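So the chains spell out like this:
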Amino acid sequence: MSETLTQIADLANVMDYLDRTKDVVREHAPDVVQRFERLKERVSTRISHT
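The model shown is predicted, which means the values in this text are computed figures rather than measured ones.

Looking now at the overall build of the protein chain. The secondary structure content of the protein chain amounts to two helices and zero strands. Here the protein chain has a C-alpha radius of gyration of 13 Å; the compact-globule value for 50 residues is 10 Å, and the former is much larger. Along the first, second and third principal axes, the C-alpha set of the protein chain runs to 40 × 20 × 10 Å. With the model as given, the accessible surface of the protein chain reaches about 4,400 Å², and the carbon-plus-sulfur share is 57%. Across the protein chain, the mean location of the 8 positive side-chain charges is 5 Å away from that of the 9 negative side-chain charges.

This brings us to the environment of D23. You can see D23 is positioned in helix α1 (residues 3-28). Taking the C-alpha atoms as reference points, D23 and I8, separated by 15 residues in sequence, lie 24 Å from one another. Within polar-contact distance, the side chain of D23 engages the side chain of R26 at 3.1 Å.

A few words on α1. In this model α1 runs 35 Å from its N-terminal to its C-terminal C-alpha over 26 residues, within 8% of the 38 Å that 1.5 Å per residue would give. Of all the bends in α1, the greatest measures close to 60 degrees and is centred on K22. Turning to α1, its buried residues are M15, T21 and K22.

Counted according to the given criterion, the structure contains six salt bridges. A salt bridge links D31 to R35; the shortest N-O distance between them is 3.0 Å. Placement of the pair is D31 and R35 together in helix α2 (residues 30-48), with a separation of four residues, close to one helical turn. Taken together, the shared-partner salt bridges connect D19, K22, E37 and K40 into one network.

Basis of the calculations
Residues numbered from 1 in each chain as written. Predicted model: local features only at pLDDT ≥ 70, side-chain atom pairs only at ≥ 80, totals over all residues. Heavy atoms only, no water. Helix = DSSP H or I, 4+ residues; strand = E, 2+ residues; numbered from the N terminus. Rg over C-alpha atoms; globule rule 2.2 N^0.38 Å. Areas by Shrake-Rupley, 256 points an atom, 1.4 Å probe, with all protein chains shown as cover. Lys, Arg positive; Asp, Glu negative; His and termini not counted. Charge placed at Lys NZ, Arg CZ, Asp CG, Glu CD. Polar contact = N/O pair within 3.5 Å; in protein donor to acceptor, adjacent residues only side chain to side chain. Expected span 1.5 Å × (residues − 1). Bend = angle between axes of the 7 residues up to and from the residue. Buried < 20%, exposed > 50% of the residue type's maximum accessible area, 1.4 Å probe, protein only. Salt bridge = Lys/Arg side-chain N within 4 Å of Asp/Glu carboxyl O.

Interpretation in functional terms is not warranted from these geometric data alone.
Rendered as C-alpha cells:
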C-alpha cells in the first residue's frame, strides 16, 4: 500500500475512534469535541469535492 493510502487509513482509524469516544470526551473536555466536529466537517467537505 502506498504511503498516502496508509496515511488515509490511519486518519480514518483516528476519526472512527474519536467518533466512538466523543460522548465520554464531551463530559471532560467539550471544547475538544467541538474541534473534532469542525475537523470532521472540513474533512468530509474536502472528500466530497475530490
